[in-house]
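# Summary of the model geometry
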Amino acid sequence: MLDKYFGFLKVYDEFSVMESLIDHTRIDEEELLLLIQILDAFVQNTPEQMVKYSEKIQTINMESNQLFETISDQIIQANFDHQKQYDLLRIHQRIENISSLILLNATRLTVVNAIDAQLPESLHSYFKDMGPAILQLHKQYMTAMKFYIENKKDVISFIHQVEELESKFQVLITRTIQELYLLGNKASIPIGSFMIINDVLNHFSELAYAIKIAATSIDWLLINN
């Protein structure tokens, strides 16, 4: 599935490392788009679609892990100074964390099917906004990665945009949780549905934060460049 991106993956220099990490981020975006489709399917109450998209994420994630499993070793073995190795390894690890959290979010959402939970109508608009918001956040992060290669002087502005978008996303999550808790106080939502929706929101918050942290890791490359 991922052959369209890669031939033989090998790290030679910093440019090659960053190109590989950007390719990893592109694959993460494919997974993120599928995760957004799972969100949409949850809103529309089409559980069979949720399962289908979740299985696709699992397949892409497994192939991606196999493809990038040697990157850390290659960074260590490449001719970088200690600080450069550390900075690149930190970015790689944080990208891996994003990928893991996308899969975790997809897995959490499939629990919805197991307990036959439905999204309350008052939460629909919030969940519809979450997908485009986190996608925009990830796209700005990937742009910052690209600009590190193409035009370093503009990287900081994109990192700041990522931080602003993440802050706005957390406000959206907070408002959604508040609405959920209001439903809980009124006892108008089953406890199982309440718990899994709350869990999903917390994990999306964690995913957004992970994207921000990965973006701010690029700062260290600029400082130590």
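This section reports on the structure supplied with the text. Residue numbers run consecutively from 1 along every chain, following the written order of its sequence. In keeping with the predicted nature of the model, local features appear solely for residues at pLDDT of at least 70, side-chain atom pairs appear and are counted solely at 80 or more, and the whole-chain, interface and lining totals rest on all residues. Note that the side-chain values use all heavy atoms of the structure and ignore hydrogens as well as water.

### Section: the overall build of the chain
Numbering of helices and strands runs from the N terminus; a helix is a DSSP stretch of H or I covering at least four residues, while a strand is a stretch of E covering at least two. Of regular secondary structure, the chain possesses seven helices and zero strands. The secondary structure elements of the chain, listed N-terminal to C-terminal, are α-α-α-α-α-α-α. The quantity called the radius of gyration is restricted to C-alpha atoms. Its globule counterpart is 2.2 Å times the number of residues to the power 0.38. Computed over its C-alpha atoms, the radius of gyration of the chain comes to 19 Å, within 12% of the 17 Å expected for a compact globule of 225 residues. Here the chain, with 225 residues, has 50% of them falling under the buried criterion. By definition, residues are in contact when any of their heavy atoms lie within 4.5 Å. Once local pairs closer than 6 in sequence are excluded, the contacts in the chain between residues at least 24 apart make up 83%. The method behind every accessible area is Shrake-Rupley, applied with a 1.4 Å probe, and residues are considered shielded solely by the protein chains displayed. Entry remark: accessible area of the chain is about 10,900 Å², with carbon and sulfur atoms responsible for 51%. Separation of charge centres in the chain, based on 18 positive and 30 negative side chains, amounts to 4 Å. The buried label goes to any residue with under 20% of its type's maximum accessible area, the exposed label to any with over 50%, and the partly exposed label to all in between, with areas taken from a 1.4 Å probe on protein chains only. Residues scored as positive are Lys and Arg, those scored as negative are Asp and Glu, and His as well as the terminal groups of each chain are ignored. Each charge is placed at NZ for Lys, CZ for Arg, CG for Asp and CD for Glu.

### With respect to the packing of aromatic side chains
What counts as a ring pair is set by centres within 6.5 Å for rings of Phe, Tyr and Trp (its six-membered ring), and what kind of pair is set by the plane angle: stacked under 30 degrees, edge-to-face over 60, tilted for all other angles. Scanning the model with the defined rule gives three aromatic pairs in all. Taking the centre distance of 4.7 Å and the plane angle of 40 degrees together, the rings of Phe147 and Phe158 count as tilted. In this pair, Phe147 is assigned in helix α5 (residues 124–150) and Phe158 in helix α6 (residues 155–185), connecting sequence segments 11 residues apart.

### Digging into unusual backbone geometry
For Asn45, which is not glycine, the phi dihedral falls at a positive 60 degrees. The exposure class of Asn45 is partly exposed, given its relative accessible area of 40%. The backbone of Ala187 shows a phi angle near 55 degrees, a positive value even though the residue is not glycine. With respect to the helices and strands, Ala187 occurs in the loop between α6 and α7 (191–223). When its relative accessible area of 66% is taken as the criterion, Ala187 is described as exposed.

### Section: the packing of helix α1 (residues 14–44) against helix α4 (residues 82–114)
When two helices pack together, their arrangement is given by the angle between the helix axes and the distance between those axes. Axes here refer to lines fitted to C-alpha atoms; in helices the fit is confined to the stretch in contact. Angles between the N-to-C directions go from 0 to 180 degrees. Relative to each other, α1 and α4 sit at 15 degrees, their axes nearing to 10 Å. On the basis of their axis angle, the class for α1 and α4 is roughly parallel. Helix-helix and strand crossings are classified by hand; for α1 and α4 the assignment is left-handed. Each residue receives one of three labels: charged for Asp, Glu, Lys and Arg, nonpolar for Ala, Val, Leu, Ile, Met, Phe, Trp, Tyr, Cys and Pro, and polar for the others, Gly being one of them. Considering only residue class, the contact of α1 with α4 consists of 16 nonpolar, five polar and five charged. Should an angle fall under 35 degrees it is called roughly parallel, over 145 degrees roughly antiparallel, and 65 to 115 degrees roughly perpendicular, with every other angle called oblique. Each crossing is labelled by how the near helix is turned from the far one, with a counterclockwise turn of less than a right angle marking it left-handed and a clockwise turn marking it right-handed.

### Observations regarding the nonpolar core
Among the buried residues, those of types Ala, Val, Leu, Ile, Met, Phe, Trp, Tyr and Cys that are joined through side-chain atoms within 4.5 Å form a nonpolar core. Leu35, Phe127, Tyr141, Ile197 and Phe204 are the most contacted members of the largest nonpolar core, which totals 71 residues. Residues in contact with Phe204, not counting those within four places in the same chain, are Leu35, Leu39, Asn105, Leu109, Met130, Ile134, Phe169 and Ile173.

### Details of the pattern of salt bridges
Definition used for salt bridges: Asp or Glu carboxyl oxygen within 4 Å of a side-chain nitrogen of Lys or Arg. According to the stated counting rule, one finds six salt bridges in the structure shown. Across the salt bridge formed by Lys153 and Asp154, the nearest N and O atoms sit 3.5 Å from each other.

### Re the packing of α4 against α5
Viewed as axis vectors pointing N to C, α4 and α5 meet at an angle of 155 degrees, and their least axial separation amounts to 14 Å. By the criterion of interaxial angle, the relationship of α4 to α5 is roughly antiparallel. Regarding α4 and α5, the two cross each other, and that crossing is left-handed. Touching Lys84, Ile91, Ile95 and Ile98 of α4 are His138, Tyr141, Met145 and Tyr148, all from α5. Looking at the contact of α4 with α5 residue by residue, the class counts come to six nonpolar, one polar and one charged.

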